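# Understanding the architecture of this molecule
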Amino acid sequence: MNTFFPTSLSTAIFAATFPAAALLIWRLWMFTIRPWIWPSEPKTVPYWIPFFGHFYSFFSDCHQLIDDSVRYFADTKEPFAFQLCGVTIYCLSNPEHVTGILDGAPWTHGMDFTHFISEIMQKFGVSLHDVRRAEYSPQPGDEYYIEGNRVNPKNLSLIHFVEDLYKRQFLEPNNLGKLSKVFVNSIQRTLQFEQLEFDFCTKEYNSGLYSAEQPESRREVSLYSLVAGTMVEATLHALFGPYLHRVEPDIVNQVIQFNAHAWILFYGLPDLFGLAPVCGPRDRIKAAFRAFIRLPEEQRSEQCYAFENLLKWMEVLNMEEESRIGLLFLFFFASIANEQNACYWFVAHMIYDKSLLEVATHEIAPAWESGELDVDFLISKCPTLDAIFNETLRQRTNTFGWRVVKEKTTICGKLLQPGVPVMVPMRLLHTNKEAWGSTVDVFDPSRFIRKKTLARQPSYRPFASGPTYCPGRILAKRETYAFIATLLHRYSIELLHDRGRLDGKQQFPLMEVYRPPTGVKGPLPGMDLHVGLQVKKE
Ligand code: HEM
């Protein structure tokens, strides 16, 4: 028989076209026919590589993926779906739905946060066995149901006990007051002129410049290193006392490094046999925690109220040591995941805009009248600081909330299936033009002064709300305001001249937005503000 192509060539063409044809048929089925047959399923954003799905685009620029997807579906405001290595994830696209889920609105049918916490616990090192126990609420008659229980009086499951502890530690005035005092003292110690000789803020940060030749009362510093170093140091002192520094002198730097790479752990990427950049700092921090929890209780007398009780209860539950370390780590991580970077942007905006700096300097002056810093004055009588803080959080909290669908839930005609994770992009709220107007992209604190109700409107949820309303919100404000008040009281601050730019003014740093967030992000690597600090005369 005469054949047009030799057999080997036709086999090769078949081998090449078959996969391409199969791929086209699969795409046609997945993204055209299937949505047509089952219109109530959230539509999946089309992708080309089965199983891997949106893996690459999610981990290389997650916000762009969301923006592109919203545009692709013509901004219908319906929830849609991504595919990440075989896992389906729903994503919200309507600001009203984001607010509803954060507020715990009835139509969300209690989207589950606990399930998400259980997964994160494992990623931080809690064994599956202990996670299961942590989810269980002890019943009368159970081994761990203790009448007159002084550590866990409500006999809550460990997960709910921790949530309750957060509230008792960060919201009850007595516990909050003690913690805040240690925190503010630490900030004041670190920001003494002599301390600024420490490497932490005067060495290179992300290839930034640093001039070592300083006159007597002047320092040139990397603003990021100054803020992050001071805030992490203060958090460590307030929560653990002085103990971690004794076993790990580089603990502050390790925490900053961990925070920068925590997304690898958080999103469950492979640790590449310990070579992923999150592994080194994670292991050193865990080693310090291990030494901490092995100390006899009387030698941990300066630890915070929450850790004292958490460690006691985990002891009663007879949890494995690595699980105890993991849970302590997770508690600690919640306290630093947003704070240092939020404070950085707050300070950076102020230093960059001389007029803001002047007003703020003037506004905080009465807080020093007695000679001691009056933090209560700062947080209750400084409307300009409030406006800058609110606007900073509006622009910088572009993190994701995570929930898991508990029971069948319909949103905008789309039926969400139980057990599927839901991504809640908070950026949708804070960049919503309908709520913020045409100047949504401009940093303009005065909008919060012109319209006082803005901070209470549904499109503003920097600390979430409802069941997961951030218990650290008051502390965060106290810490951030205490930092700026101490800095401005002690130093005259100027932006260093940038010889590489025509106008000599440094470029305002861009935010690192490419990797998926675990909290407020810092500046893009290689970007920062470099500032001169001149000690003020008494
Ligand atoms: C400006 C800084 C901060 C911001 C923007 C912030 C934001 C948030 C947000 C949005 C959530 C809720 C997440 C969700 O619903 O999915 C949250 C939860 C939480 N935050 Fe903050 N936070 C900040 C500072 C702090 C501080 C200083 C602490 C502790 C010292 C803290 C402790 C926590 C804890 C423990 C939770 C979990 C609450 C729970 O499990 O229900 N936060 N935070």
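Treat the numbers as computed from the prediction; the structure is a model and nothing was measured.

## Some thoughts on the pairing of strand E2 (residues 87-91)
- Bridging between strand E1 (residues 80-84) and E2 involves 5 bridges; their strand directions are antiparallel. Considered in E2, the bridge of Ala81 is made with Tyr90.
- Here E1 folds back onto E2, and the loop between the two strands holds 2 residues, one of which, Cys85, carries a positive phi near 50°.
- Here E2 pairs with strand E7 (residues 421-425) via 2 bridges, running parallel. Looking at E7, one finds that Cys91 is bridged to Met423.

## Thoughts on the sheet that holds strand E4 (residues 400-404)
- An order of E1-E2-E7-E4 is seen for the 4 strands of this open sheet, with the pairing classed as mixed. Each having just a single partner strand, E1 and E4 make up the two edges of the open sheet. On average, each strand axis in the sheet is tilted by 30° relative to the strand beside it, whichever way the strands run.
- Against the sheet, helix H3 (residues 95-103) engages E4 and E7, with an angle of about 115° to E7.

## Let's talk about the packing of helix H11 (residues 251-266) against helix H12 (residues 279-294)
- Following both chains from N to C, one finds H11 and H12 inclined at 125°, their axes separated by 8 Å at the closest point. Taken together, the axes of H11 and H12 are oblique relative to one another. Crossing geometry of H11 relative to H12 is assigned as left-handed. Across the interface between the two elements, Ile251, Gln254, Val255, Gln257, Phe258 and Leu265 from H11 touch Pro281, Arg282, Arg284, Ile285 and Ala288 from H12.
- Residue composition of the contact of H11 with H12, grouped by class: 7 nonpolar, 2 polar and 2 charged.

## Some thoughts on the sheet that holds strand E8 (residues 491-495)
- With respect to topology, 3 strands assemble into an open sheet ordered E3-E9-E8, the strand pairing being antiparallel. Sheet topology places strand E3 (218-222) and E8 at the edges, where each strand pairs with a single neighbour. Across this sheet, the average inter-strand angle for adjacent strands is 25°, counted without regard to direction.
- With 5 bridges connecting them, E3 and strand E9 (residues 530-535) associate as antiparallel partners. The residue of E9 that forms the bridge with Ser222 is His530.

## Considerations on the UniProt feature "binding site: heme" (unreviewed entry) in the chain
- UniProt annotation of "binding site: heme" (unreviewed entry) refers to Cys470 when read in the numbering used here.
- Its location among the elements puts Cys470 in the loop between helix H21 (446-450) and helix H22 (473-490).
- Those residues within four positions of Cys470 in sequence are excluded, and the remaining contacts are Phe463 and Ala464.

## Some points on helix H14 (residues 321-336)
- For H14, built from 16 residues, the straight-helix expectation of 22 Å at 1.5 Å per residue is met to within 8% by its first-to-last C-alpha distance of 23 Å.
- Ser323, Arg324, Ile325, Gly326, Leu327, Leu328, Phe329, Phe332, Phe333, Ser335 and Ile336 are the residues of H14 that are buried.

## Examining the nonpolar core
- Among the nonpolar cores identified, the biggest contains 98 residues, and Leu223, Val347 and Ile484 are the most heavily contacted of them.
- Examining the composition of this core, we find that 12 residues originate from one element, helix H9 (residues 223-240), more than from any other.

## Details of helix H7 (residues 173-190)
- Across its 18 residues, H7 extends 25 Å between first and last C-alpha, which sits within 8% of the 26 Å expected from 1.5 Å per residue.
- Taken as a whole, H7 has its buried residues at Leu179, Ser180, Phe183, Val184, Ser186, Ile187, Gln188 and Thr190.
- In this structure, the buried residues of H7 make contact with helix H6 (158-171), H9, helix H17 (375-380) and H22.

## Observations regarding the site of the ligand
- Neighbouring the ligand are 22 residues; Asn338, Gly401, Thr468, Cys470 and Gly472 lie closest to it.
- Put simply, the parts of the chain that give the shell around the ligand at least two residues each are H6, H14, helix H15 (339-352) and H22.
- At 3 residues, H6 tops the list of elements feeding residues into the shell around the ligand.
- Among the residues forming the shell around the ligand, the class breakdown is 14 nonpolar, 6 polar and 2 charged.

## Remarks on unusual backbone geometry
- Residue Asp75 is not a glycine yet carries a positive backbone phi of 50°.
- Relative to the assigned elements, Asp75 resides in the loop between helix H2 (55-72) and E1.
- In this model, Ala464 sits at a positive phi of 60°, which is unusual for a non-glycine residue.
- By the secondary structure assignment, Ala464 is in the loop between H21 and H22.
- Ala464 gets classed as buried once you count the C-beta atoms within 10 Å, which come to 20.

## Observations concerning the packing of H9 against H15
- Orientation of H9 relative to H15, taken along the N-to-C sense of each, is 140°, at an axis distance of 9 Å. By the angle class used here, H9 and H15 are oblique. The element H9 and its partner H15 pack so that their crossing is right-handed. Contact with H9, carried on its side by Leu223, Tyr224, Val227, Ala228, Met231, Val232 and Thr235, involves Glu339, Gln340, Cys343, Tyr344, Val347, Ala348 and Ile351 of H15 and no other residues of that element.
- Looking at the contact of H9 with H15, its residues break down into 11 nonpolar, 2 polar and 1 charged.

## So, the environment of Val424
- Counting through the fold element by element, Val424 comes out in strand E7.
- On the basis of neighbour count, Val424 is assigned to the buried category, with 23 C-beta atoms found within 10 Å.
- Each C-alpha atom, one on Val424 and one on Cys91, is 6.4 Å from the other, the two residues being 333 residues apart in sequence.
- For Val424, the residues in contact, after removing those within four places along its chain, are Leu92, Val98, Ile101, Leu102, Phe400, Gly401, Trp402 and Arg403.

Reading the values: rules and limits
- Residues numbered from 1 in each chain as written.
- Predicted model: local features only at pLDDT ≥ 70, side-chain atom pairs only at ≥ 80, totals over all residues.
- Pairing = 2+ DSSP bridges.
- Helix = DSSP H or I, 4+ residues; strand = E, 2+ residues; numbered from the N terminus.
- Axes fitted to C-alpha atoms, helices over the stretch in contact; angles between N-to-C directions.
- Contact = placed C-beta atoms within 7 Å.
- Parallel < 35°, antiparallel > 145°, perpendicular 65-115°, else oblique.
- Left-handed = near helix turned anticlockwise from the far one by under 90°.
- Nonpolar A, V, L, I, M, F, W, Y, C, P; charged D, E, K, R; others polar.
- UniProt positions renumbered as here; feature names shortened; annotations may be inferred.
- Expected span 1.5 Å × (residues − 1).
- Buried ≥ 20, exposed ≤ 12 C-beta atoms within 10 Å, placed from the backbone.
- Core = buried A, V, L, I, M, F, W, Y, C linked by C-beta atoms within 7 Å.
- Near = placed C-beta within 6 Å.

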